[in-house]
Amino acid sequence: MCGIFGIFNHSEASNHTYLGLYALQHRGQESAGIASSDGKRLHHYRQMGLVSEVFTRETLKRLSGESAIGHVRYSTSGSSELKNAQPFVVDYAKGSIAIAHNGNLTNASLIRAELESNGSIFQSNMDTEVIAHLIARSKAKTFVERTIQALGQVEGAYSLLILTEREMVAARDPFGFRPLVLGQLREAPVIGSETCAFDLIGAKFVREIQPGEVLLINEDGIRSFNPFSPKPRHQCIFEFIYFARPDSFIFNRNVYQVRKSLGTQLARESPADVEMVIPIPDSGIPATLGYAQESKIPFEMGMIRNHYVGRTFIEPEQSIRHFGVKIKLNPVKGLMKGRRIVAVDDSIVRATTSRKINRMFRHAGAKEVHVRISSPPITHPCFFGIDTPKRSELIASSHTVKEIQKFINANSLSYLSLEGLKKCVQGEAENFCYACFTGDYPISFPIERLNE
Ligand code: AMP
């Protein structure tokens, strides 16, 4: 779970990268970083924290030059500490490179062990560093060839931006797990995880970068390479369910419309005899609108979210019950007193959130609390870039829907069916990865990882 952004040949490269990252903040809140090039050398700055906390006018000024890449991180591999923040910057025999990576490589530890046994020294525990080593070791003549050679050795999910003193390379893995889009800001090419980054800076969306495509951007313009044998697409369906921003256009679709149709489908499959439909904000809102419109039950914002909650807050010494969720969400009292309600959320992971929310609804007087989830039960962890806990912590890996209903204390609980989910990406259902719901992983990896 990370966001990446890059811009080439623009007089305000780092300022625009900062804005691009601002729009992609939902993809990672642990650390942020930018690397820029002035044509002769790279400059970079990265810190733990939100984009708005990490950068100041002064820091951005020091990130001089006409090309830049940036990254917001939510750790899925490697711990959450500064040495694992990106862009990852290294010097090697032929110059400097900065890499910003979204995704997880499935054979990184294997390659790393091999490189280490041959004397390589690693500075971080990110799988991204493996790519830097492979580029540095390549004997190919040009930078893009060295990158292609390196990418030919890694497996798994990557949407990547790499910056050198004079060039930028963008690449998306052959399965296309994570999104990556190309845009244009006047003459300058821009690249980002999602189109919402383009909207903020006034760039126009050009196209998706294709799975397996490598783009070389330099003073001669943009050149596209397709060096890898074509693979079936395995785009991450969870980007549509939860992760991407609703205003973005990725995988050839608008996220909001897909998310809303998940709710419509859910209402058809699992209606509820209730008086109001309440979304769990924010990620549950579009699906709830679909559910309410399809079922013709009034939509009410019965749960309000505080948008200013940071990642850490000081808890009172005498612990308040359910404090964790309460600081973020609070029901509208009076609205649901004596009423039958259905609460719609996008997913249940550990089920602790849903349990606490339902308790709040009941304290607020709801007579019946029905829960509808706009995705199938998550039974398997993701190894391709979504932060899911290990299998034993995923409640649906060991509990039936009835047992989960009991655990979260709901009057009824239904999930969207897998078939229903596929209907919402009609015409392209086979182009998505559903491994978190099925355990059918499209790429093999060491089986021990499943129980890590
Ligand atoms: P849980 O208490 O673990 O069941 O959390 C479920 C909530 O977390 C839902 O409201 C989702 O919107 C949200 N969610 C789903 N996937 C993730 C994720 N990978 N990281 C953080 N939150 C998530």
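Nothing here was measured: the structure is a model prediction, and the numbers come from that model.

Cut-offs and rules
- Residue positions are given per chain, counting from 1 as you read along its sequence in written order.
- Residue-level local features of this predicted model are given only where pLDDT is at least 70; pairs of side-chain atoms are given and counted only at 80 or more, and the full residue set underlies all totals for whole chains, interfaces and linings.
- Excluding hydrogens and water, the side-chain figures rest on all heavy atoms present in the structure.
- Only protein atoms enter the 1 Å grid used here. Points where a 1.4 Å probe fits but cannot escape make up a cavity, open sets with protein on both sides within 12 Å along at least five of seven lines make up a pocket, and a residue lines them when an atom lies within 4 Å of a point.
- Grid points are joined across faces, edges and corners, and a volume is the space filled by probe spheres set on the points.
- In DSSP terms, a helix is any run of H or I states spanning at least four residues, a strand is any run of E spanning at least two, and both are numbered starting from the N terminus.
- The buried label goes to any residue with under 20% of its type's maximum accessible area, the exposed label to any with over 50%, and the partly exposed label to all in between, with areas taken from a 1.4 Å probe on protein chains only.
- For this analysis, a polar contact is any N or O atom pair within 3.5 Å, provided that within protein one partner can donate a hydrogen and the other can accept it, and provided that sequence-adjacent residues contribute only side-chain to side-chain pairs.
- Any residue with a heavy atom lying within 4 Å of a molecule or strand is counted as near it.
- Accessible surface area values rest on a Shrake-Rupley calculation with a 1.4 Å probe, where residue burial reflects the displayed protein chains alone.
- Whether two residues are in contact is decided by their heavy atoms, any of which lying within 4.5 Å being enough.
- Note on aromatic contacts: the rings of Phe and Tyr and the six-membered ring of Trp form a pair at centre separations within 6.5 Å, being stacked when their planes are under 30 degrees apart, edge-to-face when over 60 apart, and tilted otherwise.
- Distance and angle both matter: a charge sits over a ring if NZ of Lys or CZ of Arg is within 6 Å of the ring centre and within 35 degrees of the ring normal.
- Each domain's limits were defined by an automated method or a database of domain assignments.
- Defined in terms of a 1.4 Å probe, buried area is the accessible area two parts forfeit on being brought together, summed over both.
- Gly is placed with the polar residues, together with every amino acid not listed as nonpolar (Ala, Val, Leu, Ile, Met, Phe, Trp, Tyr, Cys and Pro) or charged (Asp, Glu, Lys and Arg).
- For two strands to count as paired, DSSP must find a minimum of two bridges between them.
- For helices, the axis comes from a line fit to the C-alpha atoms of the stretch in contact; other axes are also lines fit to C-alpha atoms, and the angle between any two N-to-C directions lies between 0 and 180 degrees.

Peer 1: Would you mind going over empty space enclosed by the protein with me for this structure?
Peer 2: One way to see where empty space is left: roll a probe the size of a water molecule over the atoms. Inspection of the entire model under this criterion finds two cavities of 30 Å³ or more. Quantified by volume, the largest cavity comes out at close to 130 Å³. In terms of lining residues, the largest cavity is bounded by 15 residues, among which Cys236, Cys382, Ile386, Cys433 and Cys436 are the most central. Breaking the lining of the largest cavity down by element, the ones donating at least two residues are α8 (237-243) and α16 (435-438).

Peer 1: Would you take a moment to explain the side chain of Arg233 for this structure?
Peer 2: Within the secondary structure, Arg233 is located in the loop between β13 (221-225) and β14 (235-236). For Arg233, a relative accessible area of 18% gives the class buried. Of the polar contacts made by the side chain of Arg233, one reaches the side chain of Gln235; its length is 2.7 Å.

Peer 1: Got a minute to help me understand the site of the ligand in this structure?
Peer 2: Taken together, 15 residues are adjacent to the ligand, and Asp345, Asp346, Arg350, Ala351 and Thr353 come closest. Within the contact set of the ligand, a nitrogen atom lies 2.8 Å away from a backbone nitrogen or oxygen of Asp387. Protein contact buries 84% of the 500 Å² of open area that the ligand shows by itself. Of all the secondary structure elements, the ones that give two or more residues to the shell around the ligand are α8 and α12 (352-363).

Peer 1: Sorry, what's going on with the environment of Thr264 here?
Peer 2: Topologically, Thr264 is positioned in helix α9 (residues 255-269). Discounting chain neighbours no more than four positions away, the residues touching Thr264 are Gly290, Tyr291 and Glu294.

Peer 1: Just checking my understanding: could you explain the packing of aromatic side chains for this structure?
Peer 2: Two numbers describe a pair of aromatic rings. These are the distance of the centres and the angle of the planes. Counting across every chain of the model gives 13 aromatic pairs. Between Phe205 and Phe249, the aromatic rings sit 5.5 Å apart at their centres with planes inclined by 65 degrees, giving edge-to-face as the arrangement. With Phe205 in strand β11 (residues 204-208) and Phe249 in strand β15 (residues 249-250), the pair connects residues that are 44 residues apart, well separated along the chain. Assessed through its relative accessible area of 33%, Phe205 is described here as partly exposed. Using a relative accessible area of 32% as the deciding quantity, one classes Phe249 as partly exposed. Above the ring of Tyr434, the side-chain terminus of Lys422 is found at 4.9 Å from the ring centroid.

Peer 1: What's the story with the domain arrangement of the protein in this structure? I'm lost.
Peer 2: How large an interface is tends to be reported as the accessible area lost when its parts come together. Structurally, the protein comprises domain 1 (3-231) and domain 2 (255-427 + 440-451). A straight line from the C-alpha centre of domain 1 to that of domain 2 covers 33 Å. Tallying the contact residues gives 18 residues for domain 1 and 12 residues for domain 2. Carbon and sulfur atoms make up 59% of the area that domain 1 and domain 2 hide from each other, which totals about 1,100 Å². Of all residues in domain 1, the largest losses of buried area upon contact with domain 2 belong to Thr106, Phe177 and Arg178, amounting jointly to 41% of the total for that side. Linking domain 1 with domain 2 are two residue pairs in polar contact (both at pLDDT 80 or more), by the criterion used here. Residue classes in the side of domain 1 that touches domain 2 are distributed as six nonpolar, eight polar and four charged.

Peer 1: Just checking my understanding: could you explain the sheet that holds strand β22 (residues 412-415) for this structure?
Peer 2: Adjacent strands of a sheet pair through backbone hydrogen bonds, lying either parallel or antiparallel. Read from one edge to the other, the open sheet built from four strands follows the order β17-β20-β21-β22, with strand pairing classed as parallel. Whereas interior strands pair on both sides, the edge strands pair on one side only; in this sheet they are β17 (276-279) and β22. For this sheet, the mean angle separating the axes of adjacent strands, direction not counted, is 20 degrees. The strands touched by α9 are β20 (340-345), β21 (368-373) and β22; relative to β22, the strand with the most contacts, the crossing angle is about 125 degrees. Running at roughly 150 degrees to β21, α12 makes contact with β17, β20 and β21 of the sheet.

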